[in-house]
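# Residue-level structure breakdown
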Amino acid sequence: MFYYITRYIFKKAFSVFYQKVTVIGKENVLANTPIILAINHPNSFMDAMIVAVNLDEPVNSLTRGDAFKNKIAAGILRASHMIPVYRLSEGIENVSKNLETFQVCQSIFNANGTVLIFVEGLCINNWKLRPLKKGVMRLAQQAWQYENTMHTVVIPVGLTYQHYKGAGKSMIINFGSPLSRNDFIEILDQPNFSSQFNRQLRSSLEELIFTDDELVDGSIRQQKFITNWNNLEKKYNGVELLSKIKQGFNEKEIKPTKKFIPSAIHASIILIPHYWICSFLTGKFTKGTVHYDSVLFGLLVFLLPFYVLILIGIYFLIRHFV
C-alpha cells in the first residue's frame, strides 16, 4: 500500500518537476513475465523513481546497502520495494548478505515480478556509459538456471537527462528490446559468458542513450545542449527526438537561452519561496555529491504540506489584524 501511495504522489509531483518526460519502447516491457531492468545510472535515486512511476507493475529496485543502516530508513526503503545490495567497500561481512538479496530477486522472478538494477553500479552526473558491472549478468544467469524462471528477460533501459540540477528539465526513458536466455543459449555454460553478455548489453544501451564524454553539467556548452534539445522538442518526439539529439549540434549556431519560467513549480508566485528554500537547503546538504536532484525533489514534496500550513497561518493572522 505504501508503495502505491508514494508512487502516485511522485507521479503527480514529477509532472510538475519535469518539463517533459519522453518514454520510448514501453511496449517492450512484457506483461506476466519476470523482468530485469538494466539501467544506466546518471542521477541518483531519481533514476529508479522516474522509471517506476512510468510502469504499471511494481518495480523492485536494488539499492546501495549503506542506505539501510538506519532502521527507520530501512523500513521506508523496504516498503518502497527497495532491496539492499552491498559493495566490498561497505565491509566484507556485508557482502555475504548479497546471497540473501539474490534469493529475494529469484522469488520475485518466480512471481513474474520486476527487478531494477543499475548496470554501472555507482552514480555519476555525466553523459557517459561507464564500464558495466556483473550484477545484471549474475541475476540473469541465476534466473535462467531454473525452469520456473527460464523465461526471464533482461530489458536494457537508457536514461538521458538535460541536466542534473533542479526542476524544469526534460529527459528521455528508452526501453530497449528484451534479451532472453535464447540469445545466449550456446554460451550459458562457457567461461566467456560474462564478457559476451556484458558486451551485448552494453551495445544495446549505447543505442538507447545520448552520450558525450566532454559534456559537463553547468558549462556553457551544456547550456547550449539544453537550448538545442528544447528547440528539437518543438518539432520532434519519441525515437525521432532522441535521434536528432544524438546527432549533436553546431556550437557556433546555438545561443544558450534560459526560460523566464523554467518549470511549473516557478509558475505560481506562491510556490516560488518554497522552491527557493528547498534549493538553498539542497545546496547545503548535497555539496560535492551526486544527490542534488533527489534531495531537492524530496524536500519539495515532503516540505510542501508544512509550507502550505505556514501560508494558511499567515493568511488567518493577517485577517485577524486587518
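Above this text you will find the structure in question.
Each value, and the rule that gives it
Residues numbered from 1 in each chain as written. Predicted model: local features only at pLDDT ≥ 70, side-chain atom pairs only at ≥ 80, totals over all residues. Heavy atoms only, no water. Helix = DSSP H or I, 4+ residues; strand = E, 2+ residues; numbered from the N terminus. Buried < 20%, exposed > 50% of the residue type's maximum accessible area, 1.4 Å probe, protein only. Contact = heavy atoms within 4.5 Å. Areas by Shrake-Rupley, 256 points an atom, 1.4 Å probe, with all protein chains shown as cover. Lys, Arg positive; Asp, Glu negative; His and termini not counted. Charge placed at Lys NZ, Arg CZ, Asp CG, Glu CD. Polar contact = N/O pair within 3.5 Å; in protein donor to acceptor, adjacent residues only side chain to side chain. 1 Å grid on protein atoms, 1.4 Å probe; cavity = no way out; pocket = protein on both sides within 12 Å on 5 of 7 lines; lining within 4 Å. Points joined across faces, edges and corners; volume = space filled by probe spheres on them. Nonpolar A, V, L, I, M, F, W, Y, C, P; charged D, E, K, R; others polar. Pairing = 2+ DSSP bridges. Axes fitted to C-alpha atoms, helices over the stretch in contact; angles between N-to-C directions. Phe/Tyr/Trp six-rings, centres within 6.5 Å; stacked < 30°, edge-to-face > 60°. Core = buried A, V, L, I, M, F, W, Y, C linked by side-chain atoms within 4.5 Å. Left-handed = near helix turned anticlockwise from the far one by under 90°.

Helices and strands together make up the secondary structure of the chain, namely 12 helices and 7 strands. Each of the three principal axes of the chain carries a C-alpha extent, and together these read 80 × 50 × 35 Å. Considering the chain as a whole, with its 322 residues, one finds that 48% of them fall into the buried category. Residue pairs at least 24 apart in sequence account for 72% of intrachain contacts in the chain once pairs closer than 6 positions are excluded. Of the roughly 17,300 Å² of accessible surface on the chain, 59% is carried by carbon and sulfur atoms. Across the chain, 34 positive and 24 negative side-chain charges occur, with their mean positions spaced 9 Å apart.

Quick look at the side chain of Gln162 now. As for its placement among the helices and strands, Gln162 is situated in the loop between strand 6 (153–161) and strand 7 (169–175). Judged by relative accessible area, Gln162 falls into the buried class, the value being 1%. At 2.9 Å, the side chain of Gln162 and the side chain of Asn230 are in polar contact. Dropping the residues within four chain positions of it, Gln162 is found in contact with Trp127, Gly168, Lys169, Ser170, Gln222, Phe225, Ile226, Trp229 and Asn230.

Tallied over the entire structure, the rule returns 1 cavity of 30 Å³ or more. For the largest cavity, the full set of lining residues is Asn40, Pro42, Asn126, Trp127, Lys128, Leu159, Thr160, Tyr161, Tyr164, Ile209 and Phe210. Tallied by class, residues from the lining of the largest cavity come to 7 nonpolar, 3 polar and 1 charged.

This part is about the sheet that holds strand 2 (residues 35–39). If you trace the 7 strands from one edge of the open sheet to the other, you get 1-7-6-2-5-3-4, paired in mixed fashion. The sheet is open, and its two borders are formed by strand 1 (18–24) and strand 4 (82–85), each paired with just one other strand. Across the sheet, the mean angle separating the axes of adjacent strands is 25° when strand polarity is ignored. Here strand 3 (residues 60–64) runs beside strand 5 (residues 114–118); their pairing, made up of 2 bridges, is parallel. Among the inter-strand pairings, Ser61 is bridged to a residue of strand 5, identified as Leu116. Lying over the sheet, helix 8 (residues 220–233) contacts strand 1, strand 6 and strand 7, oriented at roughly 70° with respect to strand 7.

So, on to the packing of aromatic side chains. Scanning the entire structure with this criterion turns up 19 aromatic pairs. Considering the side-chain rings of Tyr3 and Tyr4, the 5.5 Å spacing of their centres and the 90° angle between planes classify their relative orientation as edge-to-face. Since its relative accessible area comes to 5%, Tyr3 is described here as buried. Using a relative accessible area of 42% as the deciding quantity, one classes Tyr4 as partly exposed. Pairing Phe17 with Phe297 gives two aromatic rings, centres 5.5 Å apart and planes at 85°, and the pair type is edge-to-face. In this pair, Phe17 sits in helix 1 (residues 2–17) while Phe297 sits in helix 12 (residues 292–321), placing the two residues 280 residues apart along the sequence.

All right, on to the nonpolar core then. Counting 49 residues, the largest nonpolar core has Phe14, Leu37, Ile50, Val51 and Phe297 as the members making the most contacts within it. Beyond its immediate sequence surroundings of up to four residues, Leu37 is in contact with Val51, Leu55, Val59, Thr114, Val115, Leu116, Ile117, Ile155, Val157 and Phe175. Ile36, Val119, Leu179 and Leu205 belong to the second-largest nonpolar core, a separate cluster that totals 29 residues.

A few words on the packing of helix 8 against helix 9 (residues 238–246). Their axes nearest at 10 Å, the elements helix 8 and helix 9 cross at an angle of 145°. Both helix 8 and helix 9 take part in a crossing whose hand is right-handed. In this structure, helix 8 contributes Phe225, Trp229, Leu232 and Glu233 to the contact, and helix 9 contributes Leu241, Lys244 and Ile245.

Attention now moves to the environment of Asn126. Topologically, Asn126 is positioned in the loop between strand 5 and helix 6 (135–143). For Asn126, a relative accessible area of 14% puts it in the buried group. For the pair Asn126 and His41, spaced 85 residues apart in sequence, the C-alpha separation works out to 9.3 Å. If we skip the residues at most four places from it in the chain, Asn126 touches Pro42 and Tyr164. Here the side chain of Asn126 touches Lys128 through a polar contact of 3.2 Å, landing on its backbone nitrogen.

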